[in-house]
Every structure is written in structure tokens, then in C-alpha cells.
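Secondary and tertiary structure notes
The lines below spell out each chain.
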Amino acid sequence: MSDRQPAGPAGQSTVPQGAHLLDGTPAEPSLVSSAPLSRRDFAALGGAAALGALMPRPITGGDRHGAGGATHIEPVGKDIEAPEPLPSFRYPIESQTGRVYAAGSAKESTVKQMPVAEGLAGVSMRLQPGAIRELHWHALAAEWAFVLTGRCQTTTFDPEGRSEVNDFGPGDVWYFPRGFAHSIQGLGPGECHFVLIFDNGHFSEYGTFSVTDWTSLTPTHVLAQNFGLPEAAFAKLPKGELYIGPGKVPAANATARPDGSAHDAPLTHKFRLLAQAPRESPGGTIRIVSSVEFPISGGMTGAYLTIAPGGLRTMHWHPNADEWQYYVAGRARLTVFGSSGRARTEDVSAGDATYIPRGYGHHIENTGTEECQIVAGFNSGIYQEVGLAAWMHNVPPALLADNLGIDEEQGRRIEHAAVPIAARS
Ligand code: MN
Ligand code: MN
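Residues numbered from 1 in each chain as written. Chains lettered and ligands numbered in written order. Predicted model: local features only at pLDDT ≥ 70, side-chain atom pairs only at ≥ 80, totals over all residues. Heavy atoms only, no water.

1. A short note on the side chain of E346
- Structurally, E346 can be placed in strand β21 (residues 343–349).
- Overall, the relative accessible area of 11% leaves E346 in the buried class.
- A distance of 3.2 Å separates the side chain of E346 from the side chain of S88, its partner in a polar contact.
- Among the polar contacts made by the side chain of E346, one reaches the main-chain amide nitrogen of F89 at a distance of 3.0 Å.
- Among residues more than four places away in sequence, those in contact with E346 are S88, F89, R90, A332, R333 and L334. (Helix = DSSP H or I, 4+ residues; strand = E, 2+ residues; numbered from the N terminus. Buried < 20%, exposed > 50% of the residue type's maximum accessible area, 1.4 Å probe, protein only. Polar contact = N/O pair within 3.5 Å; in protein donor to acceptor, adjacent residues only side chain to side chain. Contact = heavy atoms within 4.5 Å.)

2. Observations regarding the coordination of the manganese ion (ligand 2)
- Summarising the metal site, the manganese ion (ligand 2) is bound by the protein donors H316 (NE2), H318 (NE2), E323 (OE) and H362 (NE2), whose distances to it range over 2.1 to 2.2 Å.
- All donors of the manganese ion (ligand 2) come from a single chain, and their spacing in sequence reads H-x1-H-x4-E-x38-H. In this pair, E323 is assigned in strand β19 (residues 323–329) and H362 in strand β23 (residues 361–366), connecting sequence segments 39 residues apart. This pair shows no difference in class: E323 is buried, exactly as H362 is. (Donors = N, O, S within 2.8 Å, 3.2 Å for Na, K, Ca; no water.)

3. Overview of the pattern of salt bridges
- Inspection of the entire model under this criterion finds 11 salt bridges.
- One salt bridge connects E94 with R126, and the closest N-O pair in it is separated by 3.2 Å. Residue E94 is located in the loop between β1 (90–91) and β2 (99–100), and its partner R126 is located in strand β4 (residues 121–127); the two are separated by 32 residues in the primary sequence.
- Of the charged contacts, one joins R344 and E346 as a salt bridge, the two residues approaching to 3.1 Å between their closest N and O atoms.
- Its relative accessible area of 29% is what places R344 among the partly exposed residues.
- Through salt bridges with shared partners, one network takes in E94, K107, R126 and E191. (Salt bridge = Lys/Arg side-chain N within 4 Å of Asp/Glu carboxyl O.)

4. Remarks on the coordination of the manganese ion (ligand 1)
- Protein-derived ligands of the manganese ion (ligand 1) are H136 (NE2), H138 (NE2), E143 (OE) and H182 (NE2), with the metal-ligand distances lying across 2.0 to 2.2 Å.
- Each donor residue of the manganese ion (ligand 1) lies on one chain, and together they are spaced H-x1-H-x4-E-x38-H. Of this pair, H136 sits in strand β5 (residues 132–137) while H182 is found in strand β10 (residues 181–186), placing the two residues 46 residues apart along the sequence. We note that H136, like H182, is buried.

5. Structural notes on the state of the cysteines
- Per the counting criterion, the structure on display carries 0 disulfides.
- Just so you know, C152 is unpaired, no disulfide at all, and the nearest cysteine sulfur is the one on C192, 3.8 Å from it.
- Its relative accessible area of 0% is what places C192 among the buried residues. (Disulfide = S-S within 2.5 Å.)

6. Structural notes on the sheet that holds β4
- Read from one edge of the open sheet, 7 strands run β2-β3-β4-β11-β6-β9-β14, paired in antiparallel fashion. Strands at the two margins of the open sheet, each flanked by one partner only, are β2 and β14 (270–272).
- As paired strands, β4 and strand β11 (residues 192–198) are joined by 7 bridges and run antiparallel to one another. By the bridge assignment for β11, M125 is matched with F194. (Pairing = 2+ DSSP bridges.)

7. Details of the packing of aromatic side chains
- The final tally for this structure, using the stated rule, is 13 aromatic pairs.
- Measuring from centroid to centroid gives 5.2 Å for F146 and Y304, while their planes differ by 10°, and the two rings are stacked. Linking F146 in strand β6 (residues 143–149) with Y304 in strand β17 (residues 301–307), this pair joins segments that are 158 residues apart in sequence.
- F146 sits in the buried class, given a relative accessible area of 2%.
- The class of Y304 is buried, set by a relative accessible area of 8%.
- Geometrically, the ring pair formed by F168 and W174 is edge-to-face, given 5.0 Å between the ring centres and 65° between the ring planes. Accessibility assignment for this pair places F168 and W174 in one class, buried. (Phe/Tyr/Trp six-rings, centres within 6.5 Å; stacked < 30°, edge-to-face > 60°.)

Geometry only, nothing functional implied.
Pasting the structure below:
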């Protein structure tokens, strides 16, 4: 193999001789030290735990996490013989206080609040009429949003010098690629409440690059020279980061920009997700917006699910993306299957955030008396899922009988259950 990873520095062992990667395949020869650890050394380092620590960490997703500096580490147990139990994948995001201002508020879920959520973070934000989530950008993540209630207006400016102003109402989605300049403002009447999802679990909404943060750190003579204005023009600059502040309610459908400013962006940042016809299932509905339907959304896919009482979002997994969910309404039981004899079930309800690592099996039961509504985000612009029932329908019934003990006649009937959301049985 020519693309071997180099062995560790001279004299430093990387993986003990004969070691196996955690999926059972032998470690690459190049990773095996010429001076293997003795059994005692290995034990002193914490045995199998040390093996995990010494293992080269797989970096997946390429650009997806690259710029954020976050690598996706499979949360496998450290001890091969006794895997660690699955960690909690639920965080009650709406029960925290978050950042509260007169004009609005923000509550977040990152790896700090929900350690399993390496690949995605989320925020619940509220803006009063006219309130500004100030001009800012993100170094670490793209931003996907779903408006729950009220109306707001965004502005964005891209690296090609193109801009767009858009109004949003309930069920509308926006997407800003990583690093794109943007702002959000409440349009009223009433509060606007939306959920933001970011394609990096290490992203904090409280660590964004805000314009007032920068200008308040910059000498006035530099600002004057930079903007070609007299120093007096900056007399009212906020001292420190504004983040969320009051403002005048802007005109709706404001598409006009100052004379001579850049032209419209060729790819719109707005998608009307709830205005799309859903994919109907016996027990509910699914709407999905990937880069196929919404071309600018290159790094993320979003979804809106409804599950009727007694309904089941059927057993499935996503081969190419982690999933971050926000429960808008209802009560449910979410189960995540993590291999090695591990599964975890948690009761979730409106106001909770949850996270399912890439490849982990999962299903959702509506345990309440009202419809369960879920907003979900995935950190890939390509949507993929594999449904267990759809798969089993494609397995020869004789193999199914040998593997699962389901007799062939029953096996042939699995087709009828191969739906995204099954009705109450
Ligand atoms: Mn933002
Ligand atoms: Mn899913």
C-alpha cells in the first residue's frame, strides 16, 4: 500500500503488535510498532482503553468538519469486552435560560450540553418585532434554520459580492453556507421563534463573529480609513458585542438595496419547506429538503416529520450523516441502537433536542395523544436513509427465515410495513 499513514515517531508505539481495530480487522502493518508494548506496558497504559487512545482517529466527512477543526470520532466503547453504555442523546434545550435580552433570546445545544452531539449543534432563538440578531458570520459552521412561529427577515452577502434579502414565515427554511455574512430581524407582529441547526457540534452560537465585536476592538481612525468616513460617524458605535438588540421593524418584502450595491445571489437562501406537498405515510408525513430541492444547501439536509398518535417512525439509519432533532410538539419515545448489544430509549417531548450519530439505528414512537412534530437537520446536503423493513423486503425470504426465524410466507409480507411512518397497529 502506498498511501500508508506513517508510523509514529521513532521509539513510540502506536498500536501493539497483533492489535485489531475495533471492527475486528487487523491493524495496518505500518501502524504496528517495531518495538511493541509489552503486556505490562499495555496494562500500565490502561489496556484496551489505551488501545483506543492510541488508535489513529478517523477523520470523516472531509470538508464537512475540516474547517471547524472537529473530527468525528466514533463513540465506540473503550473496552472491547464490555462496551460502554450509550450516552444520553437527549437535551431539554427549551428548559435552559440561555442568553436573554429585552429584544430576544437564544438557547443552545452543543457538545457542551449534549456530549454525544459531535456533528451538529442547535439553537432555539426568539426575536421581538424589529429585534436584530446582528450582522455576523460563522467560522466553524453553516447555518440551517426552520421558522416555527412569527415572521422575520434575513440579509446575506456572499464571497462573490452578491446579496439577498428574504422574508420568512412559519415553515420556511434558510441556509447560509459557512462564512457567509448574514443578519436576522423580527418582522412582527409578535415574536418570531426559529430553530437553527449547525453542521458542527463544537459550534457555539455565543462565539459567532459579530460586527460590533470587531468594530469595538478597532481604533476609530482605522474605522474611518476603512469605511472612508469621518471619525465622528462612529460616535455611537456599540461598546462591545450587540448580539441581539432592538431595531425598527423593516419593510416587508424589502428587495431594494442601496444604489450600486451588488446584484442578487443566483442561488436563493430561502426554501418554503412546509409549503411543499409532504410524502404521505400511513402514520404521518415527511418533508425533506436537501441540496437537490434547495441547491445552496450543499452541506445540510433538513426534514419536517409528523407522527400521528400511536404511529411509528420506522427503524432506519442514515449512512452519510448525523441527525439533530428538535421536538416541536407532542410526546415520543426515541430508541437508538448502537451495536455491541447496546440500545437506549429516552422519552422526549416538545422543547427537547436529540442527536443520532451517523449509522446508528433508530426509531420513534408517538406515545402521546397529539401529533408529534419534529424538525430534523443532517450534516450532508445529500439525503440518505436505509429502512430496515425496506431492506428485509429485498432479502430472499429463505435467508430471512434462516437469519431471523421469520417464516418465508411472513417474510414475503414485509413489503406492507416498508413505510417511513407506520400507523398505529
Ligand atoms: Mn448566524
Ligand atoms: Mn432518522
